[in-house]
Amino acid sequence: MHTIFRISLLIAIVPFSRGWGYDGHVAVCRIAQARLNKAAAEAVRKLLPASAKGDLGILCPWPDQIRMRYPWSSALHYVNTPDNLCSYKYKRDCKDTNGATGRCVTGAIKNYTSILMNYKKPRSNLTEALLFLSHFMGDVHQPMHVGFVKDKGGNTIKVNWFGQKQVLHRVWDSSIIAKAEGGSNPSNLDKFIKNIQHKIQISLFFNLLQQRLSNAAANAVSQLLPEYANNDLGSVCSWADRVKFRYHWSSPLHYIDTPDNLCTYQYKRDCKDEDGIQDRCVAGAINNYTTQLLTYSGNSDSSSQYNLTEALLFLSHFMGDIHQPLHVGFTSDRGANTIDVHWYRRKEVLHHVSFIIINLLLFFLI
């Protein structure tokens, strides 16, 4: 496969692609660039201007910034489908407001991919082609850039976003990301990207484990996974972290504490929450959700008294937690969240460093 074409494919499959303002486009491109092979990374390096200092992400918002200079490019950021038709057809839908065919985000991706595939015989500005392609691969995965004609990409739909009136398009472009970052600033963006990269590695790791299941277990997992997971257990293994606020009772189930300075674990002594309720720890949760899943009778519509999909997601997640050393530790340091260390000259909390180490290990293993 051609080196540059690999770049476009990689940007397409990064499992972050949702809604993009400035931070979103930077994140998509930095995550993709970090996963390029040597040949593709070198091609990108050569095409980037010196001012980028090798960072594709910093220039990925560029196509939004030059719309006034290149007014012809505005139509290339989106594609509209007929109202209320949840289908897309290139010949029918890829056109601008004047009816010119090929003038939409998918047409632009096709065009700039073709230009970059012929980079040894350039007839166009290859740097601009790279930046347009990288940007549009983000746009095409933003739901409001691929939608109905009548609402203009959600720009005519007003919603309440945490007490503020906003346009739906802006919520997807920027507000969701800003909320996830905890506010917009460079340091939060870096942490946001690292968090996504960690989830990608974890997802790939769980994909490998899923491939090692017996046929019966694999079929059971396939039946129990939610439809949006596309039979990918790894893509939903972080679910148990995301629902801590909705299921506040689940927080103690992610860890277990042992008495300070005792390097031993005893279930009856240690498996309890801060209120002393027995079995409220990660080991107890694993025991509980394993028991629930053993009631599975062969189809997702069984008459089990339990929500077996949630049981599967909790169990899969907690099996990861219990093998993370700082989820099984002393009471006083709260899973090493109170211990500051120097990690390559940076001050980090020890608990967070353990995630960085896992990332590095998974990077070399996968």
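Read on for a plain summary of the structure. Given the structure is predicted, the values throughout are model-derived calculations rather than measurements.

**With respect to the packing of aromatic side chains**
Per the counting criterion, the structure on display carries 16 aromatic pairs. Plain terms: the ring middles of Y289 and F318 are 6.3 Å apart, the flat faces sit at 35° to each other, and that makes the pair tilted. Placement of the pair is Y289 in helix α13 (residues 282-293) and F318 in helix α14 (residues 308-321), with a sequence separation of 29 residues. Neither residue differs from the other here; Y289 and F318 are each classed as buried. A centroid spacing of 5.5 Å and a plane angle of 15° characterise the contact between F314 and F318, whose relative ring orientation is stacked. Of this pair, F314 and F318 both sit in helix α14, 4 residues apart, which is roughly one turn of that helix. For F314, a relative accessible area of 1% puts it in the buried group.

**With respect to the pattern of salt bridges**
The final tally for this structure, using the stated rule, is 10 salt bridges. Residues R30 and D190 are paired through a salt bridge, measuring 3.7 Å at the closest nitrogen-oxygen approach. Of this pair, R30 sits in helix α2 (residues 22-34) while D190 sits in helix α9 (residues 186-211), placing them 160 residues apart in sequence. A network of salt bridges, in which partner residues are shared, links R30, D55 and D190.

**As for unusual backbone geometry**
Even without glycine at this site, K152 takes up a positive phi of about 50°. Note on placement: K152 falls in the loop between β2 (146-148) and β3 (158-161). According to the relative accessible area criterion, K152 is exposed, its value standing at 60%. We note that N230 has phi near 55°; this positive angle belongs to a residue other than glycine. For N230, the position within the fold is in the loop between α10 (215-224) and α11 (239-242).

**A closer look at the packing of helix α6 (residues 105-117) against helix α7 (residues 126-139)**
One can describe the packing of α6 onto α7 by two numbers: an axis separation of 9 Å at closest approach and a directional angle of 145°. In the packing of α6 onto α7, the handedness of the crossing is left-handed. For the pair α6 and α7, contact is made by V105, A108, I109, Y112, T113, I115 and L116 and by L126, A129, L130, F132, L133, F136, M137 and D139, respectively. Of the residues belonging to the contact of α6 with α7, the class tally is 13 nonpolar, 1 polar and 1 charged.

**Focus: α13**
The terminal C-alpha atoms of α13 lie 16 Å apart, and with 12 residues this matches the ideal 16 Å at 1.5 Å per residue to within 8%. Within the sequence span of α13, burial applies to V282, A283, G284, A285, I286, Y289, Q292 and L293.

**Quick look at the environment of F132**
Relative to the helices and strands, F132 resides in helix α7. Residue F132 is classed as buried on the basis of its relative accessible area of 1%. Residues F132 and S73, spaced 59 residues apart in sequence, show a C-alpha to C-alpha distance of 9.4 Å. Setting aside chain neighbours within four positions, we find F132 in contact with W62, P63, I66, Y70, W72, S73 and Y112.

**Looking at the environment of S297**
Position of S297 relative to the elements: it lies in the loop between α13 and α14. For S297, a relative accessible area of 54% puts it in the exposed group. Taking C-alpha positions, S297 is 9.2 Å from A220, a pair spaced 77 residues apart along the chain.

**Some words on the state of the cysteines**
For the coordinates displayed, the defined rule picks out 3 disulfides. Here C94 engages in a disulfide with C104; their sulfurs sit 2.0 Å apart. Across the S-S bond of C94 and C104 the torsion is about -100°, and the bridge reads as left-handed. Placement of the pair is C94 in the loop between α5 (90-93) and α6 and C104 in the loop between α5 and α6, with a sequence separation of 10 residues. Here C271 connects covalently by a disulfide to C281, the sulfurs 2.0 Å from one another. Judged by the sign of its S-S torsion, about -100°, the cystine formed by C271 and C281 is left-handed.

Cut-off values and rules
- Residues numbered from 1 in each chain as written.
- Predicted model: local features only at pLDDT ≥ 70, side-chain atom pairs only at ≥ 80, totals over all residues.
- Heavy atoms only, no water.
- Phe/Tyr/Trp six-rings, centres within 6.5 Å; stacked < 30°, edge-to-face > 60°.
- Helix = DSSP H or I, 4+ residues; strand = E, 2+ residues; numbered from the N terminus.
- Buried < 20%, exposed > 50% of the residue type's maximum accessible area, 1.4 Å probe, protein only.
- Salt bridge = Lys/Arg side-chain N within 4 Å of Asp/Glu carboxyl O.
- Axes fitted to C-alpha atoms, helices over the stretch in contact; angles between N-to-C directions.
- Left-handed = near helix turned anticlockwise from the far one by under 90°.
- Contact = heavy atoms within 4.5 Å.
- Nonpolar A, V, L, I, M, F, W, Y, C, P; charged D, E, K, R; others polar.
- Expected span 1.5 Å × (residues − 1).
- Disulfide = S-S within 2.5 Å.

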